[in-house]
Amino acid sequence: MESTSPTDTAPASAEVVIIGAGVMGASIAYHLARHGVEDIVLVERDVPGSGSTSKAAGGVRCQFSDEVNIALATRSLEVLRNFEAEFGVDIDLVSNGYLFLLDSAEVAETFAANVELQQSMGLDSRMLTVAEVAELAPYINMEGLVAGAFNPGDGHCTPEAVVSGYVSAARSLGVQVLKNCEVTGFESTDGADLGGSGSNGSRRVTAVTTSKGRIECAQVVCAAGAWSGIIGEAAGVDLPVRPLRREIMVSEPVDEAALGIDLTQTPFTIDFSTSFYVHPEGPGLLFGCPDESDVWDFDDKRNPDWLPTLAELIETRAPALGDVEAKHGWAGLYEMTPDHNALIGQAEELSGFFYACGFSGHGFLMGPAVGEVVADLMTGGQPFVDVSGLDKRRFATSGLRQELNIV
């Protein structure tokens, strides 16, 4: 087992270098090692799980409008339900369901079609009347709502615990984890350092340069979340990923009797038109919503203007929760793509450079399944679901891939 001190140096060579030790990178490392791949190095510029994974709300759901996304989410939830038994880590999984609040007939019709698709894929999703929504979520103001969509199997868990489980398991299989190590560049078969424009596809990655040394390698995986566009640029690979700021607030413990709620039954509730959401978090509640104006930047500082925006949404949609007291909060980054769908594949500009990024707010929940899929792609296996439609080349060929259920 390698030392984990900040002074560790990079090995001279490895079979695979994975960039980013959030849930995606950690899951890929674990599954590659399970496939028998040796000499895997997981490179993290800070510590595992310290990026967007640790800032996530922890939601895990299968309610999507795209078959591939539903399949990835369903597999991930299966893994998470058995995570403690397999990895020995309690991830605090709460399966109270996901409830979408719908305020127009057009949106409700779209969700009904989505629910039909989800049911055809074995899920228990269903549409709810306004009366059923009121029974399930008595803290919600029903004004303007026309329906709800609910899947009782969805829920939330602790992201850092999932990363810890994967990293520990990967290490036990021989994966080396380089903390506090920043990627500074790439080398390819033409012998030139990369960066800037792409190429004709004849290049192959041969090395990654880092702040702790140069690592010769045959394959690289970019799993750097919101920072993937920057990593891609350094490699001469176009990864259309942009950072979008999001903020979260966790309340002090709440008086369930006074609020008329039971935290053990309260679903992850999302007002679809505003993206305001709330779910139980221990003895309190976790709230989230977008900024009043989107901030497309690497800015994870808390915004003093955000709390009034949240308070206004609570007053409008969940006034019964308006008196809860804020305990703490944080901001993090979504990794957005032009069509809000993930990028999974191997770069046409640079052979041996794989990517799994751009999950647009649902990377944490898909990490377990995507790790499995990417490991298959890299080792010549057959993934359980065809993800070829998530290759980044879609933007130049088939165009945008629609996913409607984005929060």
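Residues numbered from 1 in each chain as written. Predicted model: local features only at pLDDT ≥ 70, side-chain atom pairs only at ≥ 80, totals over all residues. Heavy atoms only, no water.

Some words on the sheet that holds strand S17 (residues 326–336)
Right, so step 1: Read across the sheet, eight strands follow the order S5-S6-S4-S14-S15-S16-S13-S17 without closing on themselves; strand pairing throughout is mixed. The open sheet is flanked by strand S5 (126–128) and S17, the only strands paired with a single partner. In this sheet, adjacent strand axes meet at a mean angle of 20° when their direction is disregarded.
Right, so step 2: Helix H5 (residues 105–120) rests against strand S4 (98–102), S5 and strand S6 (147–151) of the sheet, and its axis sits at about 150° to S5.
Right, so step 3: Sitting on the sheet, helix H10 (residues 306–317) touches S4, strand S13 (242–251), strand S14 (268–271), strand S15 (276–281) and strand S16 (284–289), and the angle it makes with S16 is about 105°. (Pairing = 2+ DSSP bridges. Helix = DSSP H or I, 4+ residues; strand = E, 2+ residues; numbered from the N terminus. Axes fitted to C-alpha atoms, helices over the stretch in contact; angles between N-to-C directions. Contact = heavy atoms within 4.5 Å.)

Considerations on the packing of aromatic side chains
Right, so step 1: Enumeration over the complete set of coordinates arrives at 14 aromatic pairs.
Right, so step 2: Here the aromatic rings of Phe83 and Phe87 are separated by 4.3 Å at their centres, their planes lie at 25°, and the arrangement is stacked. Linking Phe83 with Phe87, this pair stays in helix H4 (residues 83–87), spanning four residues, or about one helical turn.
Right, so step 3: Accessibility expressed as a relative area gives 0% for Phe83, which makes it buried.
Right, so step 4: Given the relative accessible area of 15%, Phe87 is considered buried.
Right, so step 5: Aromatic side chains Phe276 and Phe287 sit 6.4 Å apart centroid to centroid with 25° between the ring planes, which places their arrangement in the stacked category. Here the residue Phe276 occupies a position in strand S15, and Phe287 occupies one in strand S16, the gap between them amounting to 11 residues. (Phe/Tyr/Trp six-rings, centres within 6.5 Å; stacked < 30°, edge-to-face > 60°. Buried < 20%, exposed > 50% of the residue type's maximum accessible area, 1.4 Å probe, protein only.)

As for helix H3 (residues 67–81)
Right, so step 1: Over its 15 residues, H3 runs 21 Å from end to end, which matches the ideal 21 Å to within 8%, given 1.5 Å per residue.
Right, so step 2: Most of H3 is tucked away: 11 of the 15 residues are buried.
Right, so step 3: For H3, the complete set of buried residues consists of Val68, Asn69, Ile70, Ala71, Leu72, Ala73, Thr74, Ser76, Leu77, Val79 and Leu80.
Right, so step 4: On its buried face, H3 is in contact with strand S3 (59–60), H4, H5, helix H7 (159–172) and helix H11 (363–379).
Right, so step 5: Two or three places before Val68, at the opening of H3, Asp66 has a side-chain oxygen 2.8 Å from that residue's backbone nitrogen. (Expected span 1.5 Å × (residues − 1). Polar contact = N/O pair within 3.5 Å; in protein donor to acceptor, adjacent residues only side chain to side chain.)

Some remarks on the packing of helix H1 (residues 23–34) against H11
Right, so step 1: It is at 8 Å that the axes of H1 and H11 come closest, and there the two elements cross at 40°. Comparing the axis directions of H1 and H11 gives the class oblique. For the pair H1 and H11, the crossing hand works out as right-handed. Contacts between H1 and H11 involve Val23, Met24, Ser27, Ile28, His31 and Leu32 from the first element and Gly363, Phe364, Gly367, Pro368, Val370, Gly371, Glu372, Val374, Ala375, Met378 and Thr379 from the second.
Right, so step 2: Broken down by class, the residue content of the contact of H1 with H11 amounts to 10 nonpolar, six polar and one charged. (Parallel < 35°, antiparallel > 145°, perpendicular 65-115°, else oblique. Left-handed = near helix turned anticlockwise from the far one by under 90°. Nonpolar A, V, L, I, M, F, W, Y, C, P; charged D, E, K, R; others polar.)

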